[in-house]
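The primary structure of each chain is shown beneath.
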Amino acid sequence: MEKANRRTLGIIFTHILLWVLLGFTLLVYPPLSWGIKLPAAFWIKHASIIIFFVVIFYSNYLLFTPKLLFRNKRLLFIVWLLIALFFGQGLAFLLERWLDFQVVMANARQRPPKHEELVDGFTLMFSLLVLGISTTVAAVRQWQQEARLKDELQKQQIASELSFLKAQINPHFFFNTLNNIYALSFSDVELSREALHKLSRMMRYLLYETAQNETSLLEELKFLKDHIELMELRLHANNQVIYTEPVLSHDYKIAPMLLLPFVENAFKHGISATKASEIRIEVSVKDQTLHLKVSNTLQEKISSSLEGSGIGLQNTKRRLNLLYPDRHLLTINKMANDTIYQVDLTLILS
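Residues numbered from 1 in each chain as written. Predicted model: local features only at pLDDT ≥ 70, side-chain atom pairs only at ≥ 80, totals over all residues. Heavy atoms only, no water.

**Points about helix α8 (residues 260-270)**
Summarising burial for α8: ten of the eleven residues are buried, a large majority. Within the span of α8, buried status applies to Leu260, Pro261, Phe262, Val263, Glu264, Asn265, Ala266, Phe267, His269 and Gly270. (Buried < 20%, exposed > 50% of the residue type's maximum accessible area, 1.4 Å probe, protein only. Helix = DSSP H or I, 4+ residues; strand = E, 2+ residues; numbered from the N terminus.)

**Thoughts on the nonpolar core**
Counting 44 residues, the largest nonpolar core has Phe267, Ile281, Leu290 and Leu292 as the members making the most contacts within it. Elements with a contribution of two residues or more to this core: α5 (121-187), α6 (189-208), α7 (217-231), α8, β4 (277-286), β5 (289-297), α9 (312-323) and β7 (340-348). In terms of residue count, α7 provides more of this core than any other element does, seven residues in total. Every residue in contact with Phe267, bar those within four places of it in the chain, is listed here: Ile228, Met231, Leu235, Val241, Ile279 and Ile281. (Core = buried A, V, L, I, M, F, W, Y, C linked by side-chain atoms within 4.5 Å. Contact = heavy atoms within 4.5 Å.)

**Observations concerning the sheet that holds β4**
Pairing is mixed across the open sheet formed by five strands, whose spatial order is β2-β4-β5-β7-β6. Each edge of the open sheet carries a strand with a single partner, namely β2 (239-244) and β6 (328-335). Averaged over all pairs of adjacent strands, the angle between strand axes in this sheet comes to 5°, irrespective of strand direction. Relative to β7, β5 runs antiparallel, the two sharing nine bridges. Paired with Leu290 across the bridge in β7 is Leu347. Contacts from α7 reach β2, β4 and β5, with the element oriented near 165° to β2. Along the sheet face, α8 touches β2, β4, β5, β6 and β7 and points at about 10° away from the line of β5. (Pairing = 2+ DSSP bridges. Axes fitted to C-alpha atoms, helices over the stretch in contact; angles between N-to-C directions.)

**Quick look at the pattern of salt bridges**
As enumerated under the stated definition, the model contains eight salt bridges in all. As a salt-bridge pair, Lys45 and Glu96 come within 2.9 Å of each other at their nearest N and O atoms. Taken together, the residues Lys45 in helix α2 (residues 40-67) and Glu96 in helix α3 (residues 74-99) connect sequence positions 51 residues apart. On the basis of relative accessible area, Lys45 is assigned to the buried category, the value being 6%. Ionic contacts of the salt-bridge type, sharing partners, join the residues Lys45, Glu96 and Asp120 into one network. (Salt bridge = Lys/Arg side-chain N within 4 Å of Asp/Glu carboxyl O.)

**Let's talk about α7**
Think of an α-helix as 3.6 residues a turn; residues three or four steps apart then line up on the same face. Look at α7: 21 Å from first C-alpha to last across 15 residues, which is about the 21 Å you get at 1.5 Å a residue. Considered for burial, the residues of α7 that qualify are Leu217, Glu220, Leu221, Phe223, Leu224, Asp226, His227, Ile228, Leu230 and Met231. (Expected span 1.5 Å × (residues − 1).)

**Description of the pairing of β7**
Bridging between β6 and β7 involves eight bridges; their strand directions are antiparallel. Directly across from His328, in β7, lies its bridge partner Leu347.

Set out below in structure tokens:
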């Protein structure tokens, strides 16, 4: 709220400063350059014209440009511009007649009075300038509002997608893991305790660490490793998982749960109870660049949309495009006669 108030005060101050500069240009500078004492008629006319400029500026900026031009009512907008210019000329004409402006100014400058002109060039030029500036300022304001709204919608959508991911993982993954731990408690109590500790650590991460837009890469990799080790509890003797984790010399920031869908997808489509299968997960970090490579034996056909579990690979691609638009490279391929499925992600971290 305080930041918004400061921003509003800054905008008001800028507008006041610009009008003061315009007033100086129209009212103060001419007497300084002419070197004469100007009559009251000069000040009355130019002050009235400036008030007219202020009125048409904010009318055009706040009302007519948003209500007409931005709503594709261009003909009505052109009519408004013509009316504004007509009123400017009418005001200048009435002021000159009422103040006998040409005669008074001729006497002050000791020159013959000018002939009356059909168009007041000074008022017309500045009216066009004021209308053009106000239209431009309104267009920039509209663009900024649309950009802020788009950015806010993108952030909300990313947050909702992350919440959806957490909701998908929680019931399916955790219930299956609890069942595995329960079965394991009859054969290996120590291992079941360790697995339960990992599960509680993952739940803590989901509840607290993923609430922010970014999280620690170290914590993200711990979560990923816990997930892999708990998934291994469900594997058969003919299934093999090879996980290569990086040794971090420096911690980085990363969007939470960005790597998990690729690993989930490998377990979903790469594990078989009857056939030999292998999953390879390699993570490396060098010079602020993360490289993730996941490959698995393809046990079943998956659709060309490449949808996996959780939010799916398509939604993960979208998160990457929104969060790391120019800082990632993702390739997904099938190899060895469509028997190997491979994901390769390069990500520049912050």
